[in-house]
Amino acid sequence: MQIGIIGLGRMGGNIAVRLSRHGHDVVLFDRDPATVGKVRDRTEGGRGVAADSVADLVGKLTAARKIVWLMLPAGEITEAAVQELSGLLGRDDILIDGGNTYYKDDIRRAAQLAEKGIHYIDVGTSGGVWGLERGYCMMYGGTKDSADHIDPILDALAPGKGDVAPTPDRDKPGLDPRAEKGYLHCGPAGSGHFVKMVHNGIEYGMMQAFAEGFDIMKSKNAPLLPEDQRFDLNMADIAEVWRRGSVVSSWLLDLTAEALAKNASLSEFTGEVADSGEGRWTLEAAIEESVPAPVITASLFTRFRSRTGNNYAEKILSAMRFGFGGHVEKK
């Protein structure tokens, strides 16, 4: 298939390259022309074509149903791109937002675009800087017709079944087989980003639990403790042994072990931990639904506190964020 991709940053560029590796043609645009050229040169089989504007990108899409994927920061930049594309795309064309957009904005945009016959799909995309090789876990919302049409694209981007052991009873009626491959049509417009939003809220809590646990272990050698109760524990070794058969083994733990093996003091991190919006939005949804979410709440507030003074726990958080998403601390 042919698809236009607007926004070629850490994830957008790798999405384009991965699609080209699976035989899809990509038309590329970014506000930085040099970035467009670099990504085009990374695509395989000559399947990458550069565009010098959004209009030029749309003009170079030749399929009967044009498909454009936005991979831009949530907010005004994405909003402006959607509005511009609403005047360039035609009936039955498909506009995909793969960024971290607030799901209520998706619902509004989908309704506006539907008036022109344009289909809108929101794709919550998880995988960070590792997605090029590992694939992307995707949760998406939109009409069934448009979702089915772009299935070959999503199938190419997804991790696939790989060597993950099958879940028992997954052969029951009503369960979507695509979930086993790492992508899922969640429902109407907005549902994909909603599920991804909650995913990121859960991620906050999991990361915070690891961070606090490692901080407790590192502090076990503190002078305030009786001497016979002090342990000088090796954080890198503990992270590594937990990776091997422990019930808390996970990709986040893998990234923690990698960072600690490189530098157990994590001195390259300040521990000032940013939040990208999804944690706040998850709490807003919890309040609207009257659902208690104390763990996610505490983890978000800890990120706020980290910006006024921080400790080893926040350095663990920063190390994990850098590991999975290439997030660099603000200077």
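- Where an unreviewed UniProt entry is consulted, the protein chain appears under the name Decarboxylating 6-phosphogluconate dehydrogenase, with the organism given as Gluconacetobacter sacchari.
- If you open the UniProt record of the protein chain and go to Pathway (unreviewed entry), you find "Carbohydrate degradation; pentose phosphate pathway."

**Brief notes about the packing of aromatic side chains**
- Scanning the model with the defined rule gives seven aromatic pairs in all.
- Ring centres of Tyr140 and Tyr183 lie 6.3 Å apart, and the angle between their planes is 20 degrees; this geometry places the pair in the stacked category. On the criterion of sequence distance, the pair formed by Tyr140 in strand β7 (residues 137-141) and Tyr183 in strand β8 (residues 183-187) is long-range, its members being 43 residues apart.
- Through a chain of ring-to-ring contacts, the aromatic side chains of Tyr102, Tyr103, Phe194 and Trp281 assemble into a single cluster.
- Lys220 extends its terminal NZ or CZ atom over the ring of Phe231, reaching a point 5.3 Å from the ring centre.

**Quick notes on empty space enclosed by the protein**
- Evaluation of the coordinates by the stated rule reveals two cavities of 30 Å³ or more.
- For the largest cavity, the calculated volume is near 40 Å³.
- In this structure, the largest cavity is lined by Phe269, Glu272, Ala274, Ser318, Arg321, His327, Val328 and Glu329.
- The residue makeup of the lining of the largest cavity, split by class, is three nonpolar, two polar and three charged.
- What the second largest cavity holds in volume is close to 30 Å³.
- Along its surface, the second largest cavity is lined by Asn100, Thr101, His193, Lys196, Met197, Glu278 and Trp281.
- Residue contributions to the lining of the second largest cavity peak at three residues, all from helix α9 (residues 191-218).
- Within the lining of the second largest cavity, the residues separate by chemical class into two nonpolar, three polar and two charged.

**Side note on the packing of α9 against helix α14 (residues 312-325)**
- Interaxial distance between α9 and α14 falls to 8 Å at its minimum, and their mutual angle equals 135 degrees. With respect to each other, α9 and α14 are oriented oblique. For α9 against α14, the interelement crossing comes out right-handed. Each of Glu203, Met207, Gln208, Phe210, Ala211, Glu212, Phe214, Asp215 and Lys218 in α9 lies in contact with α14, whose residues at this interface are Tyr312, Ala313, Ile316, Leu317, Met320, Arg321 and Phe324.
- Partitioned by chemical class, the residues of the contact of α9 with α14 number ten nonpolar, one polar and five charged.

What counts as what
- Residues numbered from 1 in each chain as written.
- Predicted model: local features only at pLDDT ≥ 70, side-chain atom pairs only at ≥ 80, totals over all residues.
- Heavy atoms only, no water.
- UniProt positions renumbered as here; feature names shortened; annotations may be inferred.
- Phe/Tyr/Trp six-rings, centres within 6.5 Å; stacked < 30°, edge-to-face > 60°.
- Helix = DSSP H or I, 4+ residues; strand = E, 2+ residues; numbered from the N terminus.
- Lys NZ or Arg CZ within 6 Å of the ring centre and 35° of its normal.
- 1 Å grid on protein atoms, 1.4 Å probe; cavity = no way out; pocket = protein on both sides within 12 Å on 5 of 7 lines; lining within 4 Å.
- Points joined across faces, edges and corners; volume = space filled by probe spheres on them.
- Nonpolar A, V, L, I, M, F, W, Y, C, P; charged D, E, K, R; others polar.
- Axes fitted to C-alpha atoms, helices over the stretch in contact; angles between N-to-C directions.
- Parallel < 35°, antiparallel > 145°, perpendicular 65-115°, else oblique.
- Left-handed = near helix turned anticlockwise from the far one by under 90°.
- Contact = heavy atoms within 4.5 Å.

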